[in-house]
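# Structural description and commentary
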Amino acid sequence: MKQFEAKKNRKTILIIDGGGRGAALVDKYGQSKQVGKILVVPGNDLMQINTRKHVVTYQNLKTNSVAEILQIAREEKVDLVDVAQDNAVEAGLVDALMLNGVPVIGPTKLAGQIEWDKAWARSFVGGYLIPIPKYKIFYTEKEGIKFVKNYPKRSWFVKASGLAEGKGAIGAKNANEAIDAIRKMSKFGKSGETYLLEEWLEGEEFSAFALCDGKNFKVVGYAQDYKRVNDGDLGPNTGGMGCVSNPLIVNANIKNKISKIFQKTVDGLRQEGRPYIGVLYLGGMVINGNVYVIEFNARWGDPEAQVILPSIKNDFIEVADAIIFGQIKNLKLEIDNKVRVVVAGTAKGYPIDYLSVKGKKVFGIDKAIKSGVKVYGAGIKRDGKDWVVNGGRVFYVMADGKDVIAAREKVYKAISLISIEGDNLHYRTDIGWRDIERVKQ
Ligand code: AMP
Ligand code: GLY
């Protein structure tokens, strides 16, 4: 039995997330001397592996179970809640916790509209003269179909306005594909009732993360996510198959532009009576040295959190307090200069059909950890002595290094030690290829 460091006067933290991002937060809060106990809704069984602090998960709850989460906060005398999942923001969890006097990191429902309502977000961001793709908003299937028929050869992104578990944006290379995509919007229920048609921009994507206290912000890191399921950026889009921090595409010029966009956004949200408190995620695209905003999210990225959080050297409670108490300006963020690569280990068939892999055993997690990497659990659970698959993205392996070559070598050596019963593990073998090509040049 592991000996947990449970001492008096230490804080109890409640994290709202179930996946690898939540596991990275558990790891980070767990490193703080000020933290005694970590509760996670819903969490997963593998999260305990990265910390000696006592981790309690509530796997029967959902991230938007507002009443139950409030009850846990009260009963467990929680000192801080960190809301990392988009649907919890949309459900108003942050507002409810604030009303009850519970310190919380995360935006209110109104501030989080920047993620849960893409139609609103486009008009808000566009209003501050931030570069975005050309777009048009539609409320019926008929209107959108009529519109795209005028442009038979144009490429589009068709997007559900509401939250759709990362599946709501569909690329369409011509009007016929766009019509198919528009017809798919209804399967997102309320989230697809309003949808957008956007021009398909071609460029290189990155994500950037800012810690915001409602008034000021500090950029904490950048990442480049590899979203397609297969090597060579082929196959369907996923929640993210792996990423690199900090990517080379984000040079000094791009950083400068990103900072200006964050400034306009944070100022604009405050001026419109929606001060943003928490982590703000800018999904951007670089085209000819210019930055376009593809999306804002009201949370850490997953798996971006798994590479950026480990780079923070401050005690994380110090960072959390700066966000909550309006002290971001005075926070001396200490970030190490290592490159990090994370690779998602998924059930074969993800993201389309992987139900038959559920319940299969996962081997080699301990061996991988012993090789000097971090393993963050996601769709995985304990079954007696075994680890078994419980979701599409099963776990993440993350390594650091002095450069992308070193980090990547370490991460792939470690993941090769892991397998899923019946040869059911899938992962990309080329995460970081853009930066590898750049350093080789
Ligand atoms: P979103 O749902 O807005 O996060 O979009 C998911 C992914 O679709 C993004 O990360 C991009 O890879 C892609 N995407 C979304 N909108 C566009 C666009 N207008 N042009 C090109 N790619 C896009
Ligand atoms: N990795 C993409 C996201 O978290 O939305």
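Before any of the text, the structure's been laid out above.
Residues numbered from 1 in each chain as written. Chains lettered and ligands numbered in written order. Predicted model: local features only at pLDDT ≥ 70, side-chain atom pairs only at ≥ 80, totals over all residues. Heavy atoms only, no water.

Residues in close proximity to ligand 1 total 14 residues, the closest being Glu-198, Leu-201, Glu-205, Lys-227 and Glu-295. Within the side chain of Lys-227, a nitrogen or oxygen atom sits 2.7 Å from an oxygen atom of ligand 1. Contributions of two or more residues to the shell around ligand 1 are made by β7 (156-160), β9 (195-199) and β16 (290-297). Taken together, the residues of the shell around ligand 1 sort by class into seven nonpolar, no polar and seven charged. (Near = heavy atom within 4 Å. Polar contact = N/O pair within 3.5 Å; in protein donor to acceptor, adjacent residues only side chain to side chain. Helix = DSSP H or I, 4+ residues; strand = E, 2+ residues; numbered from the N terminus. Nonpolar A, V, L, I, M, F, W, Y, C, P; charged D, E, K, R; others polar.)

This part takes up the site of ligand 2. Taken together, Asp-225, Gly-239, Tyr-281, Asn-297, Arg-299, Gly-301, Asp-302, Pro-303 and Glu-304 make up all the residues around ligand 2. Within the side chain of Glu-304, one N or O atom sits 2.9 Å away from a nitrogen atom of ligand 2. With the chains in place, 88% of the 200 Å² that ligand 2 exposes on its own is no longer accessible. Considered class by class, the residues forming the shell around ligand 2 number two nonpolar, three polar and four charged. (Areas by Shrake-Rupley, 256 points an atom, 1.4 Å probe, with all protein chains shown as cover.)

At a closest axis distance of 9 Å, the pairing of helix α7 (residues 141-148) and helix α8 (residues 175-184) adopts a crossing angle of 170°. By the angle between their axes, α7 is roughly antiparallel relative to α8. Across from Glu-141, Gly-144, Ile-145 and Val-148 in α7, the residues of α8 making contact are Ala-175, Ala-178, Ile-179, Ile-182 and Arg-183. (Axes fitted to C-alpha atoms, helices over the stretch in contact; angles between N-to-C directions. Parallel < 35°, antiparallel > 145°, perpendicular 65-115°, else oblique. Contact = heavy atoms within 4.5 Å.)

This next bit is on the pairing of strand β10 (residues 204-213). Along any regular strand the residues' side chains alternate between the sheet's two faces. In terms of residue burial, β10 counts as a mostly covered element, since nine of its ten residues are buried. Pairing of β10 with strand β15 (residues 277-287) involves ten bridges; the strand directions are antiparallel. In the strand pairing of β15, Glu-204 is matched with Val-286. In this structure, β10 lies alongside strand β11 (residues 217-225), joined through six bridges in antiparallel fashion. Paired with Cys-212 across the strands is Phe-217, a residue of β11. In sequence, β10 turns back onto β11 through a hairpin of three residues, with Gly-214 there showing a positive phi of about 100°. (Buried < 20%, exposed > 50% of the residue type's maximum accessible area, 1.4 Å probe, protein only. Pairing = 2+ DSSP bridges.)

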